[in-house]
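The primary structure of each chain is shown beneath.
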Amino acid sequence: MLSQYMINQLVNGLCQGFIYALIALGFAVIVGIVGLATFTHGEIIMIGAYASYYIFSACGNNLFLGLFASFCASWLVGILVYKLCYEQFLNVPEHISLICTIGFSMLLKNLAQIFFGTEKKPMLDIIDNRIYSLGPVEISKVQIVIMVTVLALSALMMMIFNWTKWGVALRSVSQNREAAALVGINVKQTIMVGNCIGCAMAGVAGMLIGIYYQAIYPTMGATLSMKAFAAATLGGLTSVPLSALGGGILGLIENLGISISSASFRDVFSFGFLIIILIFKPTGFVKRKGVRP
């Protein structure tokens, strides 16, 4: 029978995994659906976190306003990333745009340290941290809100991809840009929208991370971007649902790992798990390379 401590760690890992899943979901949209590589994902997470922080400071702890601010701020940065790093390089080798995103990532990180300062900023009591007991399981209101938010956004995005004109256009462009252009789809605009959707998901994840850990700082996205890449790699880089699953599993692995060791080994467990999976199954959770949702 699981101990109370292990059950609580499972709940913590599940909540952490939900956040990683949202980050990975946004990353997979950019890489898998739009077909473009990015190294700005961590800084987009940071921008979303700071946008919500300043809204909370100015307007009180209104979760919906904070979510809207992080969504809009990261969407706008997504437009900037597209214009500077992608639009001019759609018909050249992909490593050119990849190098541009690396440079833009460094620029955003340094600008954030200049304008926001290098110290951590607290995000305290945004949500009442009440604890609910369900038998042996204890779960906080913060964790419930985070998981419900991630589920709602994931469901909304799946509906957009599967049931809307924009979703059909995004999937068409991801499969064949030339064919999509021939049937009247504005390829450049569609790619920009896809990039912005992926960035917006990352921005909202940044807000949730700030609320969960009660602090934000300019370099917070460095490790998180690698977690997004790791989760998306488990999903084959092209599958949105499997990338989200990869993020959830990473969160569980991390928290179960630190429950028997130290929190300083958190990244060892997550990236070690990734390496082991890829050794035995290089395509991750997908059956073959090139699978798209």
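All values reported here derive from a predicted model rather than from experimental measurement. (Residues numbered from 1 in each chain as written. Predicted model: local features only at pLDDT ≥ 70, side-chain atom pairs only at ≥ 80, totals over all residues. Heavy atoms only, no water.)

Chemist: Can you help me understand the pattern of salt bridges in this one?
Modeler: A side chain with one charge can pair with a side chain of the opposite charge if their charged atoms come near. By the definition in use, this model includes 7 salt bridges. Asp267 is paired through a salt bridge with Lys227; the nearest N and O atoms lie 3.0 Å apart. Linking Asp267 in helix H11 (residues 266–280) with Lys227 in helix H9 (residues 221–234), this pair joins segments that are 40 residues apart in sequence. The exposure class assigned to Lys227 is buried, which follows from its relative accessible area of 3%. When the shortest N-O distance is used, the salt bridge between Glu254 and Arg266 registers 3.1 Å. Remark: Arg266 occurs in helix H11 and Glu254 occurs in helix H10 (residues 240–259); sequence separation between them is 12 residues. Judged by relative accessible area, Glu254 falls into the buried class, the value being 0%. With a relative accessible area of 19%, Arg266 lands in the buried category. (Salt bridge = Lys/Arg side-chain N within 4 Å of Asp/Glu carboxyl O. Helix = DSSP H or I, 4+ residues; strand = E, 2+ residues; numbered from the N terminus. Buried < 20%, exposed > 50% of the residue type's maximum accessible area, 1.4 Å probe, protein only.)

Chemist: Help me understand the packing of helix H1 (residues 4–34) against H10 in this model?
Modeler: Helix-helix packing: each pair is described by the crossing angle between the helix axes and the interaxial distance. Two numbers describe how H1 lies on H10: the axes approach to 5 Å, and their chain directions differ by 150°. For the element pair H1 and H10, the recorded crossing hand is right-handed. Taken together, the residues of the contact of H1 with H10 sort by class into 17 nonpolar, 11 polar and 1 charged. (Axes fitted to C-alpha atoms, helices over the stretch in contact; angles between N-to-C directions. Left-handed = near helix turned anticlockwise from the far one by under 90°. Nonpolar A, V, L, I, M, F, W, Y, C, P; charged D, E, K, R; others polar.)

Chemist: How should the pairing of strand S2 (residues 131–134) be read in this particular structure?
Modeler: Across a regular strand the side chains alternate sides, sitting on one face of the sheet and then on the other. Two elements, S2 and strand S3 (residues 137–140), share 4 bridges in a ladder whose sense is antiparallel. Within the sheet, the bridge partner assigned to Tyr132 lies in S3 and is Ile139. Counting the residues in the hairpin turn of S2 and S3 gives 2 residues, including Gly135, whose phi is positive at 70°. (Pairing = 2+ DSSP bridges.)

Chemist: Hey, could you run me through empty space enclosed by the protein in this one?
Modeler: If a probe as big as a water molecule is rolled over the atoms, it shows which places are left empty. Inspection of the entire model under this criterion finds 1 cavity of 30 Å³ or more. Of the pockets and cavities examined, the largest cavity occupies roughly 60 Å³. Surrounding the largest cavity, Met123, Leu124, Asp125, Ile126, Ile127, Asn129, Val142, Ile211 and Gln214 form its lining. Considering only residue class, the lining of the largest cavity consists of 6 nonpolar, 2 polar and 1 charged. (1 Å grid on protein atoms, 1.4 Å probe; cavity = no way out; pocket = protein on both sides within 12 Å on 5 of 7 lines; lining within 4 Å. Points joined across faces, edges and corners; volume = space filled by probe spheres on them.)

Chemist: Where do I start with the state of the cysteines in this structure?
Modeler: In protein chemistry, a disulfide is the covalent bond that joins the sulfur atoms of two cysteines. A full pass over the atoms with the stated rule returns 0 disulfides. No disulfide involves Cys196; its sulfur sits 6.3 Å from the nearest other cysteine sulfur, which is in Cys199. Cys196 gets classed as buried once you look at its relative accessible area, which sits at 1%. By relative accessible area, Cys199 is classed as buried at 1%. (Disulfide = S-S within 2.5 Å.)

Chemist: I would appreciate a short explanation of unusual backbone geometry in the present structure.
Modeler: Outside of glycine, negative phi angles account for most residues, and trans bonds account for most peptide bonds. A positive phi angle, near 55°, is found at Asp125, a position not held by glycine. Assignment of secondary structure puts Asp125 in the loop between strand S1 (121–122) and S2. In this structure, Gln214 is a non-glycine residue whose phi angle is positive, near 60°. Inspection of the secondary structure puts Gln214 in the loop between helix H8 (187–213) and strand S4 (215–216).

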